[in-house]
Amino acid sequence: MTLADVICQLVVHGAELGELEEYEIPDCAALAAGVIDPPRLKCRGFRREWLDRLGVAIELDAIARLPARDIVDRLLQPRP
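Summarised in this report is the structure supplied together with it.

**So, the packing of aromatic side chains**
Part 1 of the reasoning: One pass over the structure, following the stated rule, counts one aromatic pair.
Part 2 of the reasoning: Seen from their ring centres, Phe46 and Trp50 are 5.5 Å apart, and the 90° between their planes marks the pair as edge-to-face.
Part 3 of the reasoning: A relative accessible area of 22% means that Phe46 is categorised as partly exposed.
Part 4 of the reasoning: Look at Trp50 and you get buried, because its relative accessible area is 2%.

**Examining the environment of Tyr23**
Part 1 of the reasoning: With respect to the element layout, Tyr23 can be found in strand β1 (residues 21-26).
Part 2 of the reasoning: Residue classification places Tyr23 among the partly exposed residues on the basis of a relative accessible area of 35%.
Part 3 of the reasoning: When residues no more than four places from it in sequence are discounted, the contact partners of Tyr23 are Leu41, Lys42, Cys43, Arg44 and Gly45.

**Focus on the nonpolar core**
Part 1 of the reasoning: Counting 12 residues, the largest nonpolar core is built from Val6, Leu10, Leu20, Trp50, Leu54, Ala57, Ala62, Ile63, Ala68, Ile71, Val72 and Leu75.
Part 2 of the reasoning: If you list the elements that add at least two residues to this core, you get α1 (2-16), α3 (48-59), α4 (62-65) and α5 (68-75).
Part 3 of the reasoning: With sequence-adjacent residues up to four places away left out, Ala68 is seen in contact with Thr2, Asp5, Val6 and Gln9.

**Observations concerning the environment of Ala62**
Part 1 of the reasoning: For Ala62, the position within the fold is in helix α4.
Part 2 of the reasoning: Residues Ala62 and Thr2, 60 residues apart in the sequence, show an inter-C-alpha distance of 10.0 Å.
Part 3 of the reasoning: What Ala62 contacts, discounting residues up to four positions off in sequence, is Ala57 and Ile71.

Calculation criteria
Residues numbered from 1 in each chain as written. Predicted model: local features only at pLDDT ≥ 70, side-chain atom pairs only at ≥ 80, totals over all residues. Heavy atoms only, no water. Phe/Tyr/Trp six-rings, centres within 6.5 Å; stacked < 30°, edge-to-face > 60°. Buried < 20%, exposed > 50% of the residue type's maximum accessible area, 1.4 Å probe, protein only. Helix = DSSP H or I, 4+ residues; strand = E, 2+ residues; numbered from the N terminus. Contact = heavy atoms within 4.5 Å. Core = buried A, V, L, I, M, F, W, Y, C linked by side-chain atoms within 4.5 Å.

Structure, rendered in structure tokens:
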């Protein structure tokens, strides 16, 4: 449950800070309609670097030892 809380809080607080990663995905409705080259939609979401940091937190057993908010605060800190 803590891992789910961390992921949700990362997205919410990352959005508040303007730190979500921008990417594009194909328009699923156009794909379903059989469009050969569907338009791409701009989205914002979870940063890939957060996944790396989250992996380290899991390896260090931070998920079991710290509250979700503390983990999120640490993951969102800028790295040199």
